[in-house]
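# Structure assessment
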Amino acid sequence: LYVTLPGRPSPAWRLHPSTQVLRRICQIWAAMGFQIYRSRDVETDEMNFELLNIPAHHPARDMWDTFYTTSEGILLRTHTSPGQIRIMRERCPEPIRVILPGMCYRYEQISASKGIQFLQMEGLAGGKNIRLGDLLGTMTEFNRRIFGPDRKTRFRASYFPFTEPSAEVDVLSDSGRWLEILGCGMVHPNVLRTAGVDPEEYTGYAFGMGVERLTMLRYGVEDLRLFF
């Protein structure tokens, strides 16, 4: 017998590096007891800023160049943090362990280190007797799981309107440079109050990381524009 029907080509394809890293991040946090919570890309000014301790004319708003829509008070979210308010209003005062992956949008000049849209992973843990030590230990363990057990981590004091105290987390790259990968902190009492919980009884920590930045570190990519 002779085969006369030509074979069908099987195109080669791969998942985008950002998608691969995002899935890996979700696997790590799931193994650490966190659930995935999806929140909306189009938000209100109130959710994106006001309820996160960033009122109108607050100097912290200079940190985010925002895409506003033609509807008053409606915008493309500049970070995934508005999801914190939504999940706390839904579930508090029950204990919370969630991650909130999604796309964020900022009116930036596109360059090797900045873009107008990027993937971000927010995280939130809330309950009774959650302390700063829990946050530091969790961030260190995450870095070990995604970069390897020998990867060095350092914490630097920082400022975010919605956490107090706040810190930025760096990891030591293979080239010997410290690279910032995420920001974190204890949820600010004002944010807990806007979510409807008593900060005297309920505490929590939050963190946010750029997926592309982790991908750049993992694969040695030096230009953010290559992802798009």
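The structure reproduced in this document is the subject of the present report.

Thresholds, definitions, all that
- Residues numbered from 1 in each chain as written.
- Predicted model: local features only at pLDDT ≥ 70, side-chain atom pairs only at ≥ 80, totals over all residues.
- Heavy atoms only, no water.
- Helix = DSSP H or I, 4+ residues; strand = E, 2+ residues; numbered from the N terminus.
- Buried < 20%, exposed > 50% of the residue type's maximum accessible area, 1.4 Å probe, protein only.
- Contact = heavy atoms within 4.5 Å.
- Pairing = 2+ DSSP bridges.
- Phe/Tyr/Trp six-rings, centres within 6.5 Å; stacked < 30°, edge-to-face > 60°.
- Core = buried A, V, L, I, M, F, W, Y, C linked by side-chain atoms within 4.5 Å.
- Axes fitted to C-alpha atoms, helices over the stretch in contact; angles between N-to-C directions.
- Parallel < 35°, antiparallel > 145°, perpendicular 65-115°, else oblique.
- Left-handed = near helix turned anticlockwise from the far one by under 90°.

### Structural notes on the environment of Ile130
When you line up the elements, Ile130 lands in the loop between β5 (117–127) and α4 (132–147). Since its relative accessible area comes to 9%, Ile130 is described here as buried. Excluding its chain neighbours within four sequence positions, the residues that come into contact with Ile130 are Arg97, Ala125, Met186, Thr203, Gly204 and Tyr205.

### Description of the pairing of strand β8 (residues 178–187)
Among the 10 residues in β8, 7 count as buried, and that is most of the element. Pairing analysis gives 8 bridges linking strand β7 (residues 163–172) to β8, with the strands arranged antiparallel. Bridge pairing in β8 places Ser166 opposite Gly185. Two elements, β8 and strand β9 (residues 203–210), share 5 bridges in a ladder whose sense is antiparallel. Opposite Cys184, over in β9, you have Phe207 as the bridge partner.

### So, the environment of Arg213
Within the fold, Arg213 resides in helix α6 (residues 211–219). Taking C-alpha positions, Arg213 is 24 Å from Gly33, a pair spaced 180 residues apart along the chain. What Arg213 contacts, discounting residues up to four positions off in sequence, is Glu180 and Ile181.

### Some details on the packing of aromatic side chains
Taken as a whole and assessed by the stated rule, the structure comprises 6 aromatic pairs. Here Trp29 and Phe34 contribute two aromatic rings whose centre-to-centre distance is 4.9 Å and whose plane-to-plane angle is 65 degrees, an arrangement assigned as edge-to-face. Per residue, the accessibility class of Trp29 equals that of Phe34, and both read buried. An aromatic cluster of three or more residues is present, and its members are Trp29, Phe34, Phe142 and Phe207.

### Details of the nonpolar core
Ranked by size, the top nonpolar core spans 32 residues in total, and within it Ile25, Trp29, Phe207 and Met209 carry the most contacts. For this core, the secondary-structure elements that each account for two or more residues are α1 (17–31), β4 (96–105), β5, α4, β7, β8, β9 and α6. If near-sequence neighbours (up to four positions away) are discounted, Phe207 is found in contact with Trp29, Phe34, Ile99, Met121, Glu122, Gly123, Leu124, Met139, Leu182, Gly183 and Cys184. By size, the runner-up hydrophobic cluster in this structure holds 26 residues, among which are Phe49, Leu52, Ala60 and Ile87.

### A closer look at the packing of α1 against α4
Running from amino to carboxyl end, α1 crosses α4 at an angle of 130 degrees, the nearest separation of the two axes being 10 Å. Judged on the interaxial angle alone, α4 and α1 are oblique. Helix-helix and strand crossings are classified by hand; for α1 and α4 the assignment is right-handed. Only Thr138, Met139, Phe142, Arg145 and Ile146 of α4 make contact with α1, whose side of the interface consists of Arg24, Ile25, Ile28, Trp29 and Ala31.

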